[in-house]
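Structure at a glance
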Amino acid sequence: MKRLLTLFLILTIALAASPATVTADGVTIGQEQDRGRNEVNRYRRMVGMTPVAGHADSSSTKLEYAALAHAKYLAVETRDRFGHYENYADSLYFAEKYAKDRAAKYGYSNSSVGENILYSTQGAKGTRTYLQVDNAVQWWMAAVYHRFAIVSPRTEHVGYGPWYHNGKSYSVMNFGTDYTLTGPVTRYPVPNQTGVGVSLNGEYPDPLAVCGQSLPGGYPVSMTWYQGTVTLTSITLVRASDGSPVSGCAISPQNDPSKLHYYSRSLSFVPFDSLRYGTKYTANFKGTFNGTPFDYTWSFTTMPWPGRLSSSTPANGATAVSRTPDIALNFNRWMRSYTLVRTPYKGGLDSGGIGISLSNASSGAEVGITITQPTGAYMRAVSLKPSTGLAANTRYRLAYALADAWGRVYRGSIYFTTGP
């Protein structure tokens, strides 16, 4: 399945967690692949599912090769830029047409292989961070049809493949499945989860087509069984504060023409409109499982409003600034520490890149900076210094593009002028 946009998504914040290692030169493909598998496992643990194996099981490595090959094909083969199939065998980057055949080419033995794809421009230029892989997995969890493979008990192995080309990035996740496996019923968002997304901007197939509408819509709520016979009686989603109902589309194995709800034994509710920021919602799913009635009620809370830069030192427009200034940026939301990387403004931050740049406002010449790295995975205050003394009586631009804990990127600049 594919998606062509980046989005607002979800993250359960663990403020005590250690930050992911990102050097000034960025992360490697291998680090991104490890991150992709770890993010899948983080969500699997959230819903109570067994994590998939890491590199101790070579099957995951084989799927990584297959996913990476397809990501590269999509990135560079202009005749066939999107989708799960490779239609041009004469391409220098052709692997095999189908995902299962690409996996087999790299030695993966399971006959069933699924695939998720995300195309993005966010963070695709400049210093590479974990933003692409994190937002890819988060988007797949937001997109209800893409979600199922991540939380499925049938998923035994995963392999992530990223590729960057001409300011664009392609993420491919391959899933090796065993259709004999079953597991517990899962709910997502999980009970009492915070920081849940508010919207789904698009997906193919479009889940709202079941109800004669189309995306964008609100953040989907789903339950999966992956076994037995599931039928729907009713689904409701209400604002917890006043009980106001949310209008949306209820999808079941009986009414989903794509059959994806049938294969996963799932029920979903996709709101017609975006949910509200910072709001608690209560979901209720009623139906039968193998003829026995069930009634599940649980609540979750959406992410806060997007934040902003609340203050800086020097202040924007400041004059007579020290030529060796201690620079600070303060945000009113938690920011991802791994986005604190040096990225040039020209050809980097001005083209969707992630990081921080200090440059001469007139000439555009970059100035080296030393960024103080936080000890945690998230921070609100950023500290940095020029690597060398600045020129006298010169105007400088400090540009930033940093992702908050929910994957939203804040871009801006402050200007200051040094003294004599």
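Position numbers for residues start from 1 in each chain and track the written sequence from start to end. A pLDDT threshold of at least 70 governs which residues receive local features in this predicted model, and a stricter bar of 80 or more applies before side-chain atom pairs are shown or counted, although totals over entire chains, interfaces and linings include all residues. With hydrogens and water stripped out, all remaining heavy atoms of the structure feed into the side-chain values.

This part covers the overall build of the protein chain. The secondary structure listing takes helices from DSSP runs of H or I that are at least 4 residues long and strands from runs of E that are at least 2 residues long, numbered from the N terminus. Per the secondary structure count, the protein chain includes six helices and 21 strands. For this measure, only C-alpha atoms enter the radius of gyration; the expected value for a globule follows 2.2 Å times N^0.38, where N is the number of residues. On C-alpha atoms alone, the protein chain measures out to a radius of gyration of 23 Å, which is about the 22 Å that the 2.2 N^0.38 rule sets for 420 residues. A 1.4 Å probe rolled over the protein chains alone gives each residue an accessible area, and that area as a share of the maximum for its type sets the label: buried under 20%, exposed over 50%, partly exposed in between. Burial status across the protein chain gives 53% buried among its 420 residues. Sequence-distant contacts, at least 24 apart, represent 70% of the contacts inside the protein chain between residues at least 6 apart. Only the protein chains shown count as cover for residues, and all accessible areas are computed by the Shrake-Rupley method using a 1.4 Å probe. Of the roughly 16700 Å² that the protein chain leaves accessible, carbon and sulfur atoms contribute 50%. Contacts are assigned to residue pairs with any non-hydrogen atoms lying within 4.5 Å of each other.

Expected span, for any helix, means 1.5 Å times one less than how many residues it has. The terminal C-alpha atoms of helix H2 (residues 58-76) lie 28 Å apart, and with 19 residues this matches the ideal 27 Å at 1.5 Å per residue to within 8%. When you tally the buried positions in H2, you get 14 out of 19 residues, the bulk of the element.

This part takes up the environment of tyrosine 93. In this fold, tyrosine 93 is placed in the loop between H2 and helix H3 (99-105). Tyrosine 93 sits 186 residues away from threonine 279 along the chain, and the two C-alpha atoms are 47 Å apart. Setting aside its immediate chain neighbours within four residues, tyrosine 93 contacts Ala69, Lys72, Tyr73, Val76 and Glu86.

If you walk across this open sheet you meet the four strands as S13-S15-S19-S18, and the pairing is antiparallel. Looking at strand neighbours, the two that pair on one side only are strand S13 (309-313) and strand S18 (369-372), the edges of this open sheet. Strand-to-strand twist of the sheet, defined as the mean angle between neighbouring strand axes without regard to direction, takes the value 25 degrees. Two strands qualify as a pair provided DSSP detects at least 2 bridges between them. Sheet analysis places strand S15 (residues 327-336) next to strand S19 (residues 378-386), joined by six bridges and oriented antiparallel. Its bridge partner lying in S19, arginine 336 is registered against tyrosine 378. In this description, a line fitted to the C-alpha atoms serves as the axis of each element, helices being fitted only across the stretch in contact, and the angle between N-to-C directions of two axes falls anywhere from 0 to 180 degrees.

On to the pairing of strand S2 (residues 155-165). Within S2, eight of the 11 residues are buried, which leaves it mostly tucked inside the rest of the structure. Bridge count for S2 against strand S3 (residues 168-177) is 10 bridges, and the pairing is antiparallel. Paired with glycine 161 across the strands is valine 172, a residue of S3. Adjacent in sequence and paired antiparallel, S2 and S3 are bridged by two residues, among which asparagine 166 carries a positive phi angle near 50 degrees.

Right, let's talk about unusual backbone geometry for a bit. As a rule of thumb, non-glycine residues mostly have phi less than zero, and peptide bonds are mostly trans rather than cis. Residue proline 205 is bonded to the preceding tyrosine 204 through a cis peptide linkage, with omega at -5 degrees. With respect to the helices and strands, proline 205 occurs in the loop between strand S5 (199-200) and strand S6 (217-218). With a phi angle near 50 degrees, asparagine 166 is a residue other than glycine that sits in the positive phi range. You can see asparagine 166 is positioned in the loop between S2 and S3. Classification of asparagine 166 by relative accessible area gives exposed; the value is 63%. One non-glycine residue, asparagine 192, adopts positive backbone phi at about 70 degrees. For asparagine 192, the position within the fold is in the loop between strand S4 (186-188) and S5.

Looking at the element boundaries, glutamine 122 is found in the loop between strand S1 (113-120) and helix H4 (131-142). Polar contact is defined as a pair of N or O atoms within 3.5 Å, subject to the rule that within protein one atom must be able to donate a hydrogen and the other to accept it, and that residues adjacent in sequence are counted only when both atoms are side-chain atoms. For glutamine 122, the side chain forms a polar contact with the side chain of asparagine 135, separated by 2.9 Å.

Turning next to the pattern of salt bridges. Pairing is possible between side chains that carry opposite charge, provided their charged atoms lie close to one another. Criterion for a salt bridge: a side-chain nitrogen of Lys or Arg within 4 Å of a carboxyl oxygen of Asp or Glu. Evaluation of the coordinates by the stated rule reveals 16 salt bridges. Close ionic contact of arginine 37 with glutamate 64 constitutes a salt bridge, the shortest N to O distance being 3.2 Å. Pair noted here: arginine 37 is in helix H1 (residues 29-46) and glutamate 64 is in helix H2, with a separation of 27 residues, a long-range link. Across the pair, glutamate 64 and arginine 37 agree in class, each one buried. For arginine 79, the salt bridge goes to glutamate 77, with nearest N and O atoms at 2.8 Å.

Okay, the environment of alanine 401 next. Considering the arrangement of structural elements, one finds alanine 401 in strand S20 (residues 395-403). Sequence separation between alanine 401 and glycine 348 is 53 residues, and the spatial gap between their C-alpha atoms is 10.0 Å. Those residues in contact with alanine 401 that lie beyond four places of it in its chain are Leu349, Gly353, Ile354, Gly355, Val409, Tyr410 and Arg411.

Examined against the element boundaries, phenylalanine 285 turns out to sit in strand S11 (residues 280-289). Exposure remark for phenylalanine 285: the relative accessible area of 1% places this residue in the buried category. Once the C-alpha coordinates of phenylalanine 285 and glutamine 227 are considered, the two residues, 58 residues apart in sequence, prove to be 17 Å apart. What phenylalanine 285 contacts, discounting residues up to four positions off in sequence, is Val221, Ser222, Met223, Ser234, Ile235, Leu267, Ser268, Phe269, Phe294, Asp295, Tyr296 and Trp298.

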